[in-house]
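Architecture at a glance
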Amino acid sequence: MPTTDLGAVLDLAYIRAQFPSLAQTVNGHPAVFLDGPGGTQVPQRVIDAISNYLRRDNANTGGAYATSRHTDAMIAEARSAMADLLHCAADEVVFGPNMTTLTFAISRAIGRDLKPGDEIVVTRLDHDANVSPWLTMAEDRGITVRWAEIHDADCTLDMADLASKINSKTKLVAAGYASNAVGTINPVKEIVRLAHAAGALAYIDAVHYSPHGLIDVAALDCDFLVCSTYKFFGPHMGVLFGKREHLLRLRPNKVRPNTNAIPNCWEWGTLNHECIAGITACVEYIADIGRGVTNGASNRTTEMRVPHPSGFSKGGNDAADTSGLNEGGGTERRAAIEAAYAAIHEHERALLERIMTGLKKIPGLKIYGITDPARFHERCATLAVRIENHTPLELSTKLGERGFFTWDGNYYALNLTEHLDVEKSGGFLRIGLVHYNTPDEVDRLLAALREIAEA
Ligand SMILES: Cc1ncc(COP(=O)(O)O)c(C=O)c1O
């Protein structure tokens, strides 16, 4: 994760005021959203962008009339916003319903070029959405699957084991950027390097990492990277980055009237336009955090960016913006995003230190994953715990009654919960902190957990 030299801390009052849902109460208790890894809350501007689109511009793409052109422009703008967030060109950004669907789709296309005897590598740490699509493809194509194992003691990837599973027959390495269960951040750049050294593709699941750390696909040099906007303060959508050369080379399953041009040829049927409208707003929300950090609050965009009809003249499905940079976005927005993640990282790091110190004092509580503060750069503030004599469901239910929203179970990191033998007994209790959480919320959670543990 990046570190900041800005000495920046987040303006939490400004941030929290943007999220209407954070003001809710449960049984008279303030709601504490610790369920970010399952989906984050959205700022008002995302809600506005979605409803404004439905109110004003609701249309299909490629029509020769105003609302359809507005829709084309809005989608092009969202693509550019995601290009700034991921650091790629706009025509390398593919929208889909969610990460899982996109991964199933791309795995079919990649599988077409593979033959029996070829190999792929998946990891024990990954969410199943970056495992099962590859296993299914491998089964269909007669391909050998190799598993990269973990160090059980700290739930980190065993990089020596991963390296040993890659050889000249390896065609793809699928790995996560960060674990949605135990918070481990993987050395993704090194994984990509190992894959490329063997001539294999690197497919990175950044769904869990995206609310916590800056993504730079250019620096990572990964072939594909997937994320879901609902995990970073946006609508329920999935986004895939694919290197242009691969999106052009691979053959998608598609209907005949759909364009052959990238990225649209990878997007089937009518997309969720209202959610795509929320994507630009969510990227702008993140960028505004950075603008506030570097330039002071007055430099933030208070209004969401709305595509102006006159700013766009091309219609049709082939009308993707291939510049990679959008009017009002581009270099300035990327710099703002970088500053935002530096500040987010600093704030989350403080929360992580606070919660870790407190959790270690709760009798009978076991933390899965890295616990040593000296290694906190290898993890994000997503914690998996168990407490003796309490099932994760029981803990989550009791916390829920007190207004704390946590998850129990495996959250689809099934290969990990099975491997650590906690699956049969309810998995973990997951506490997921993001930048809108406060030190006070952490303290109240710790007090509630201690009370439940000691009851
Ligand atoms: C690490 C990780 N990968 C993949 C997914 C699946 O994402 P989606 O719901 O967009 O298919 C999730 C969802 O929780 C996740 O946490």
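For the structure, check the block above.
Residues numbered from 1 in each chain as written. Predicted model: local features only at pLDDT ≥ 70, side-chain atom pairs only at ≥ 80, totals over all residues. Heavy atoms only, no water.

A short note on the sheet that holds strand β6 (residues 144-148)
As a general point, the strands of a sheet are linked pairwise by backbone hydrogen bonds and lie either parallel or antiparallel. Taken in spatial order, the seven strands line up as β4-β12-β11-β10-β9-β5-β6 in an open sheet, and their pairing is mixed. Of all the strands in the sheet, the pair left with one neighbour each is β4 (93-96) and β6. Neighbour to neighbour, the strand axes of the sheet diverge by 20° on average, direction disregarded. One ladder, built from five bridges, connects strand β5 (residues 119-123) with β6; its direction is parallel. (Pairing = 2+ DSSP bridges. Helix = DSSP H or I, 4+ residues; strand = E, 2+ residues; numbered from the N terminus. Axes fitted to C-alpha atoms, helices over the stretch in contact; angles between N-to-C directions.)

Structural notes on the pattern of salt bridges
Taken as a whole and judged by the stated rule, the model has 30 salt bridges. In this structure, the salt-bridge partner of E149 is R124, at a minimum N-O distance of 2.7 Å. Here the residue E149 occupies a position in the loop between β6 and β7 (150-151), and R124 occupies one in the loop between β5 and α5 (132-141), the gap between them amounting to 25 residues. E149 sits in the partly exposed class, given a relative accessible area of 22%. Looking at R124, the relative accessible area reads 18%, which means it is buried. (Salt bridge = Lys/Arg side-chain N within 4 Å of Asp/Glu carboxyl O. Buried < 20%, exposed > 50% of the residue type's maximum accessible area, 1.4 Å probe, protein only.)

Some remarks on the site of the ligand
Taken together, N98, M99, T100, H127, A129, N180, D205, V207, H208, S228, Y230 and K231 are the residues near the ligand. At a separation of 2.5 Å, an oxygen atom of the ligand approaches a polar side-chain atom of T100. Residue N180 places a side-chain N or O atom 3.4 Å away from an oxygen atom belonging to the ligand. Calculation on the ligand without its partners gives an accessible area of 390 Å², and the protein chains cover 89% of this total. Within the shell around the ligand, the residues separate by chemical class into four nonpolar, six polar and two charged. (Near = heavy atom within 4 Å. Polar contact = N/O pair within 3.5 Å; in protein donor to acceptor, adjacent residues only side chain to side chain. Areas by Shrake-Rupley, 256 points an atom, 1.4 Å probe, with all protein chains shown as cover. Nonpolar A, V, L, I, M, F, W, Y, C, P; charged D, E, K, R; others polar.)

Focus on the sheet that holds strand β14 (residues 382-387)
Pairing is antiparallel across the open sheet formed by four strands, whose spatial order is β13-β14-β17-β16. Unpaired on one side and paired on the other, β13 (365-368) and β16 (407-409) mark the two borders of the sheet. Each neighbouring strand pair of the sheet contributes to a mean axis angle of 30°, computed without reference to strand direction. Here four bridges tie β13 to β14, and the two strands are oriented antiparallel to one another. Bridge assignment links L365 to a residue of β14, and that residue is I387. Contacts from helix α11 (residues 330-360) reach β13, β14 and β17 (428-432), with the element oriented near 10° to β14. Sheet strands touched by helix α14 (residues 439-454): β13, β14 and β17. Its angle to β17, the strand with the most contacts, is close to 165°. (Contact = heavy atoms within 4.5 Å.)

Notes on the nonpolar core
M82, L86, F95, Y177 and L225 are the most contacted members of the largest nonpolar core, which has 88 residues in total. Residue contributions to this core peak at eleven residues, all from helix α10 (residues 273-295). Excluding its chain neighbours within four sequence positions, the residues that come into contact with M82 are V93, F95, C227, T229, F232, V239, I279 and V283. (Core = buried A, V, L, I, M, F, W, Y, C linked by side-chain atoms within 4.5 Å.)

Points about helix α12 (residues 392-401)
Every buried residue of α12 is listed here: P392, L395, S396 and L399. The buried residues of α12 all sit within an arc of 95° when viewed along its axis, so they share a single face. Contacts from the buried residues of α12 go to β14, β15 (404-405), β16, β17 and α14. Remark: G403 follows α12 within two positions and exhibits a positive phi of approximately 95°. (Arc of directions from axis to C-beta.)

Remarks on the pairing of β5
In terms of burial, β5 is largely enclosed, as five of its five residues are buried. Here β5 shows no split at all, with E119, V121 and T123 on one side and I120 and V122 on the other all buried. Between β5 and its parallel partner β6, the chain crosses via α5, and the hand of that crossover is right-handed. As paired strands, β5 and strand β9 (residues 170-176) are joined by three bridges and run parallel to one another. Of the residues in β9, the one forming a bridge with E119 is T170. (Right-handed = clockwise from strand over helix to strand, strands pointing away.)

Focus: the side chain of T438
In this structure, T438 sits in the loop between β17 and α14. For T438, a relative accessible area of 13% corresponds to the buried category. Beyond its immediate stretch of four places on either side in the chain, T438 contacts L12, R16 and L351.

Digging into helix α7 (residues 188-197)
Listing the buried residues of α7 in full gives V188, I191, V192, L194 and A195. Along the axis of α7, the buried residues cluster in a sector spanning 160°; they form a single face. In this structure, α7 carries K189 and A197 as exposed residues pointing more than 90 degrees from its buried face. Elements in contact with the buried residues of α7: β8 (156-157), α6 (159-165), β9, β10 (201-205) and α8 (217-220). In the segment just after α7, G199 is the residue with positive phi, at about 80°.

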